[in-house]
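# Coordinates in review
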Amino acid sequence: MPKTVFSPSIDSRPTYPGLVSQGAVPGIMVADDAGAAALIDLATSDASVMDRAHVLLIGGAETTATRLGNLTPKALHSAPDLEAAAPLFDSLLLDARMGTQLYLAGSEGLIGFATARATAAGLPLDAIQSEHRGPIGRRMKCVHCKGITEDVLTDPFTCSHCGLTLFVRDHFSRRLGVFQGVCVDAETPGDIPETVEIRA
Amino acid sequence: MTMQFNDETFRGDYTFHNSPEAIRRFPFPFDRDSYAYSVNIEQHPGGPAGSPFEFAFDVDEHYVAEMNDRAITLADDPMRCQSLPHMELAGWDLLELIMVSKARDYPELFSLSRDGTSWHWINKPLGIEQRFTFLDATTLPCGPLEYITRQAQGDFALLHEREGNLWLDAGMITSQADWSLDFDVGMNFFEWHAPVPKARKMGVFDKALKFLLAVTQEQSYRRLNWTMTVNPRLDTSPENYHKWGPEKRTITPENVGAKQFLRVELQTFWRLPRSNALAFPIRCYLCSLEDLASQPKWARRLHRVLRDIDPDLAEYKGFAVNQEMIVKYLAQFDDGAETSPGIFPD
Amino acid sequence: MKKLVVKVTEVEALSPLVKRFRFEDPKGAALPVFSGGAHITVEMPEGETIRRNSYSLISDPYDGSAYEIAVRREDMGRGGSRYMHTRVQVGDEITISAPANLFQLDLRARKHILIAGGIGITPFLSQLRQLDMEQKPFELHYAARSRAEAAGLKLLPEAAHIHVHISEEGARMDLGAILDGQPLGTHVYTCGPDGLIKAVADQAARLGWPKTAVHSEAFIAPPPGEPFEVVVRSSGQTITVKADQSLLEALEAAKVEIDYSCRGGACGRCQTHVTACDGRIEHNDHWLSEDERAEQKTIMPCMSRFKGARLELDL
Ligand code: HEM
Ligand code: FES
């Protein structure tokens, strides 16, 4: 699946310009199964980018892990999901020095989650590169109950925590790595617009 | 003259009311008969005696009730006050600015004595007396930002300057026009303004940011912003939208004069000394259409502004659904006469 | 703009070329406190004109009892520093601006690295005190040619994380060693000659440091140049800007109202609309974007100059 091209939006909505090799510098790479293809493209453009890179594959198939292993990164780690990957990711960040590059590839949820954690650990935003691959599901935060619903594909959607019907905004918080969901029928309870699939 | 504080509420039975004096000093935001976004900034403090522009931080008849309303909101949702770790120093700067200003401008209500870092603060209207050590947060019941803004009307944002931008890294936000601090904290000037229609393309935000970055300790500034609110509600937050949203649809031709409020924000900008952060207090004033109509100039002008406003702005400000009823109500006060320049009543 | 009138209470030679000045309120009132890295603008009346130079504050930022600055005599410069060295005496009253800061610490940083060359030590002296109070980890590296010239030595405390590099003694600063292997969230700040600022930026870039973690403050003084003429639109008046004068200074001397703060092309205050331009504006500021420069529709009079037939300003 190629790099996703998103339609223009408001200034808080992140864009994912794509991965560009910074050479054989210390690197941390985080990708899901779809994002792994972006890492493979990156290594194809410059094999040395893997020399000092820790690759963290999240929820990837066995075959994907094998293909990434063939790129001979400094280390290859796997975790079933974002929550499970967090402690390892944090410890990589803790050991990292200035000059470390972070490469993120895959879903918006993954990119948002990893960006938020990395900046909280002190990594400046301009040391982070990202490329969107795969489904366009969004990580949505309910502004009312604060609960997060992963991989939202429709607008409106039902908050998985409080059950309100939420409208999908483009307003995005990098600190939290989430889009904002706001009650769609607040003024006229029960009057809910037709559900549509969200667009890229 | 000692100030009388209203016994009133901003939710439930909504007993909020303006005295005739409060109506006359209401910061009406329109200096002409039309409205478009602009970089409408002037020096602060300074203005006619008795106006809300006279002092650094205006204290009026709603003070005690507004502080009670803030306490209710915070008890329900403590995340309305947040400060990222590097912003504590800015919190102290703000505490100093507010305490010094209030004790100077309202000596019958507030007093501050300082002996080095040993400070003694008395807030008579709220019955608070506090001795504490300046810059030592363990000597206050909560952080400096929360402590002082529980005693100051209006919302407060503290902005950290870096990378040629301002970052919304701390705030106390309980009377906002439908935006969430918990969501926006950590954003930069363009990110938190992203939902505003048109203004970025007009260059308003680029100019405003450049201006704000150049603000120094020597001079503070203000601007007015406005929206429309049904019922005198301070907490029109997105967090509670599902609770106050239905009230927006209760406007009828009969009750629009009493229930529909013009909501004005007196926003000020202050460069803080120790942190070099920028403080952005957002003071909210409410006035019903009925009360505004007691000033013929305001009623005429408001009618023209709301009738002719860009539909995108009416939608963004959230009053498009009631616009027709509002304009029809105001039309009865508009005889077509010319209005005088400036915001003050004739 | 609110000015402060202060009394000179101490003048001390720190080195053959650098003097320290202490200013206090004439009645002993507290001066506004400030943040590490802040500067003030000092007014120097000379005949008809008032020259204004900006200097970093070197005293304790949270202490309002006095301000201190250190001034290096630049005989090739525009005369401001010579004025401070030869004319200003203890007991004089002088006019200064309130503090403003264009070189503040990023208080989010996990660690701060401060790199000073020569008189570039000055903004760090107030920052050191702020870092001490905030109890933030830092390293300071101070490079000077010789001990005699290193005016900062008298002002720096002895401390393990303060390193002095005297090139005459063979102790050159090794930027690679300083920047390599620093923990995530470290910020580096440089103040000194352009060459040092560039060397730090290049070294940081080679080590993959992101730009937002690399800060610098060049000495802020308008460059001299060829004399030129400018027309004030409202009055039609033609003003000559002398070689050693900035456009801002020439406008002020001609009593044209104009706002300013930093006088170093960084704050944006003096930005002025250009109504006619037949020639080329030499943009020396750090404020305008590339596009704005190319348009030639706006100028920063505190720093920038002009070459050509006609420049008309919307004043
Ligand atoms: C640095 C201090 C400032 C802060 C913290 C701030 C914050 C905000 C926020 C949170 C919003 C609501 C955005 C939303 O819908 O989610 C807003 C709206 C807006 N802001 Fe600011 N702002 C600041 C300064 C300014 C300045 C200097 C201007 C000058 C032009 C400005 C112009 C506007 C406008 C035009 C809107 C739309 C308001 C409406 O139509 O009701 N802001 N601001
Ligand atoms: S005075 Fe600061 S840019 Fe000119």
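Residues numbered from 1 in each chain as written. Chains lettered and ligands numbered in written order. Predicted model: local features only at pLDDT ≥ 70, side-chain atom pairs only at ≥ 80, totals over all residues. Heavy atoms only, no water.

- An unreviewed UniProt entry lists chain B under the name DUF3445 domain-containing protein, with Tropicibacter naphthalenivorans as the source organism.

### Digging into the overall build of chain B
- If you tally the helices and strands in chain B, you get 13 helices and 10 strands.
- The C-alpha atoms of chain B give 20 Å as radius of gyration, which agrees with the globular expectation for 346 residues (20 Å, within 12%).
- Across its three principal directions, the C-alpha atoms of chain B cover 60 × 45 × 40 Å.
- Taking all 346 residues of chain B together, the buried fraction comes to 62%. (Helix = DSSP H or I, 4+ residues; strand = E, 2+ residues; numbered from the N terminus. Rg over C-alpha atoms; globule rule 2.2 N^0.38 Å. Buried < 20%, exposed > 50% of the residue type's maximum accessible area, 1.4 Å probe, protein only.)

### Comments concerning the overall build of chain A
- Scanning chain A from terminus to terminus reveals four helices and 12 strands.
- Split into buried and exposed, the 200 residues of chain A put 55% on the buried side.
- Within chain A, contacts between residues separated by at least 24 positions form 62% of all contacts whose residues are at least 6 apart in sequence.
- Per element, the accessible surface of chain A, about 8500 Å² overall, is 54% carbon and sulfur. (Contact = heavy atoms within 4.5 Å. Areas by Shrake-Rupley, 256 points an atom, 1.4 Å probe, with all protein chains shown as cover.)

### With respect to the site of ligand 1
Residues and elements named next belong to chain B.
- If you check the shell around ligand 1, you find 21 residues, and the closest are Tyr37, Trp192, His193, Tyr316 and Lys317.
- Between ligand 1 and Tyr37 there is a distance of 2.5 Å, counted from an oxygen atom to a side-chain nitrogen or oxygen.
- One of the side-chain nitrogen or oxygen atoms of Lys317 is found 2.9 Å away from an oxygen atom of ligand 1.
- Contributing elements (two or more residues each) for the shell around ligand 1: strand 6 (155-162), helix 6 (189-192), helix 7 (204-213) and strand 8 (220-230).
- No other element matches helix 7, which puts four residues into the shell around ligand 1.
- Of the residues assigned to the shell around ligand 1, the class counts are 16 nonpolar, three polar and two charged. (Near = heavy atom within 4 Å. Polar contact = N/O pair within 3.5 Å; in protein donor to acceptor, adjacent residues only side chain to side chain. Nonpolar A, V, L, I, M, F, W, Y, C, P; charged D, E, K, R; others polar.)

### Quick notes on the UniProt feature "domain: Dimethylamine monooxygenase subunit DmmA-like N-terminal" (unreviewed entry) in chain A
- Here, the residues flagged by UniProt with the feature "domain: Dimethylamine monooxygenase subunit DmmA-like N-terminal" (unreviewed entry) are residues 9-127 of chain A.
- The distance separating the terminal C-alpha atoms of residues 9-127 of chain A is 23 Å; by composition the span is 38% helix and 19% strand. (UniProt positions renumbered as here; feature names shortened; annotations may be inferred.)

### A few points about unusual backbone geometry
- The step from A:Asp155 to A:Pro156 runs through a cis peptide bond, and the omega angle for that step is -5 degrees.
- Structurally, A:Pro156 is set in the loop between strand 8 (154-155) and strand 9 (157-158).
- Residue B:Pro45 is reached from B:His44 by a cis peptide bond, and omega for that bond is -10 degrees.
- Not every positive phi belongs to a glycine, and B:Tyr14 is a case in point at roughly 45 degrees.
- Its place among the elements puts B:Tyr14 in the segment before helix 1 (20-24).
- With relative accessibility at 15%, the residue B:Tyr14 sits in the buried group.
- With a phi close to 75 degrees, B:Leu135 is a non-glycine residue in the positive phi region.
- Take B:Leu135: it is sitting in the loop between strand 5 (128-133) and helix 4 (144-149).
- With a relative accessible area of 34%, B:Leu135 lands in the partly exposed category.

### Some words on the interface of chain B and chain A
- With 26 residues of chain B at the interface, the matching set in chain A holds 24 residues.
- Carbon and sulfur atoms supply 57% of the area that chain B and chain A bury against each other, a total of about 2000 Å² over both sides.
- Linking chain B to chain A there are six salt bridges.
- Across the pair B:Lys248 and A:Glu187 runs a salt bridge whose closest N-O atoms are separated by 2.7 Å.
- On the surface where chain B and chain A come into contact, there are 13 residue pairs in polar contact (both at pLDDT 80 or more).
- For the side of chain B that touches chain A, the elements supplying multiple residues, two or more each, are helix 5 (181-184), helix 6 and helix 8 (241-244) of chain B. (Buried area = accessible area lost by both parts, 1.4 Å probe. Salt bridge = Lys/Arg side-chain N within 4 Å of Asp/Glu carboxyl O.)

### A short note on the interface of chain C and chain A
- In this complex, chain C contributes 14 residues to the contact, which on the side of chain A involves 13 residues.
- In total, about 1100 Å² of surface goes out of reach between chain C and chain A, with carbon and sulfur atoms giving 59% of it.
- Its largest share of buried area at the contact with chain A, chain C owes to C:Arg110, C:Leu184 and C:Pro210, together 49% of the area lost on that side.
- Taken together, chain C and chain A are joined by zero salt bridges.
- Residues of the side of chain C that touches chain A, tallied by class, amount to six nonpolar, six polar and two charged.

### What about the packing of helix 1 (residues 36-45) of chain A against helix 2 (residues 62-69) of chain A?
All names here are of chain A.
- Put simply, helix 1 and helix 2 touch, their axes get as near as 10 Å, and they point 15 degrees apart. By the angle between their directions, the pair helix 1 and helix 2 is classed as roughly parallel. The element helix 1 and its partner helix 2 pack so that their crossing is left-handed. On helix 2, the residues that touch Ala36, Leu39 and Ile40 of helix 1 are Thr64, Arg67 and Leu68.
- Across the contact of helix 1 with helix 2, the residue classes break down as four nonpolar, one polar and one charged. (Axes fitted to C-alpha atoms, helices over the stretch in contact; angles between N-to-C directions. Parallel < 35°, antiparallel > 145°, perpendicular 65-115°, else oblique. Left-handed = near helix turned anticlockwise from the far one by under 90°.)

### Some words on the nonpolar core
Residues and elements named next belong to chain B.
- Counting 56 residues, the largest nonpolar core has Trp226, Leu262, Leu289, Leu292, Leu302 and Leu306 as its most contacted members.
- Looking at which element gives the most residues to this core, the answer is helix 7, with six residues.
- Residues contacting Leu292, with those up to four places away along its chain left out, are Phe26, Phe28, Leu262, Cys287, Trp298, Ala299 and Leu302.
- Counting 39 residues, the second-largest nonpolar core is a separate cluster that includes Leu109, Leu145, Phe156 and Trp270. (Core = buried A, V, L, I, M, F, W, Y, C linked by side-chain atoms within 4.5 Å.)

### Focus: the pattern of salt bridges
Residue and element names in this part refer to chain C.
- Within the structure shown, the criterion is met by 62 salt bridges over all chains.
- Two residues, Glu46 and Arg87, come together in a salt bridge whose shortest N-O distance is 3.9 Å. Separated by 41 residues along the polypeptide, Glu46 in strand 3 (residues 38-46) and Arg87 in helix 1 (residues 80-87) bring together distant segments of the chain.
- What emerges from the salt-bridge pattern is a single network uniting Glu10, Glu12, Arg20, Arg22, Glu24 and Glu68.

### Notes on the domain arrangement of chain A
Residue and element names in this part refer to chain A.
- By domain assignment, chain A separates into domain 1 (27-132) and domain 2 (138-197).
- Taking only C-alpha atoms, the centre of domain 1 and the centre of domain 2 are 28 Å apart.
- Each side of the interface is counted separately: domain 1 has seven residues, and domain 2 has eight residues.
- Among the residues of domain 1 in contact with domain 2, Glu108, Ala116 and Leu125 are the three that bury the most area, contributing 51% of the side total.
- In this structure, the connection of domain 1 to domain 2 is made through zero salt bridges.
- Put simply, domain 1 and domain 2 have zero residue pairs in polar contact (both at pLDDT 80 or more) between them. (Domains from an automatic or database assignment.)

### As for the coordination of the iron atom of ligand 1
- Among protein atoms, the single one acting as a donor to the iron atom of ligand 1 is B:His193 (NE2), 2.0 Å away.
- Along the polypeptide, B:His193 turns up in the loop between helix 6 and helix 7. (Donors = N, O, S within 2.8 Å, 3.2 Å for Na, K, Ca; no water.)

### As for the environment of C:Ile239
- Relative to the elements of secondary structure, C:Ile239 occurs in strand 14 (residues 238-241).
- Non-local contacts of C:Ile239, meaning those with residues more than four positions away in its chain, are made with C:Phe228, C:Glu229, C:Val230, C:Val232, C:Ala250, C:Leu251, C:Ala254 and C:Val256.

### Things to note about the sheet that holds strand 9 of chain A
Residues and elements named next belong to chain A.
- Pairing is mixed across the open sheet formed by five strands, whose spatial order is 7-6-11-10-9. Two strands close off the open sheet at either side, each with one partner strand: strand 7 (148-152) and strand 9.
- Bridge count for strand 6 (residues 138-142) against strand 7 is three bridges, and the pairing is antiparallel. Bridging across to strand 7, Met140 finds its partner in Thr149. (Pairing = 2+ DSSP bridges.)

### Section: the side chain of B:Glu191
- For B:Glu191, the position within the fold is in helix 6.
- Sequence-distant contacts of B:Glu191, defined by excluding residues within four places in its chain, comprise A:Asp11, A:Ser12, A:His171, A:Arg174 and B:Trp167.

### Some remarks on the environment of B:Asn225
Residues and elements named next belong to chain B.
- Structurally, Asn225 is set in strand 8.
- On the basis of relative accessibility, which here comes to 17%, the residue Asn225 falls in the buried class.
- Between the C-alpha atom of Asn225 and that of Pro29, which follows or precedes it by 196 residues, the distance is 7.0 Å.
- Setting aside anything within four residues of it in sequence, one finds Asn225 in contact with Tyr35, Arg263, Val264, Glu265, Gln267 and Lys317.

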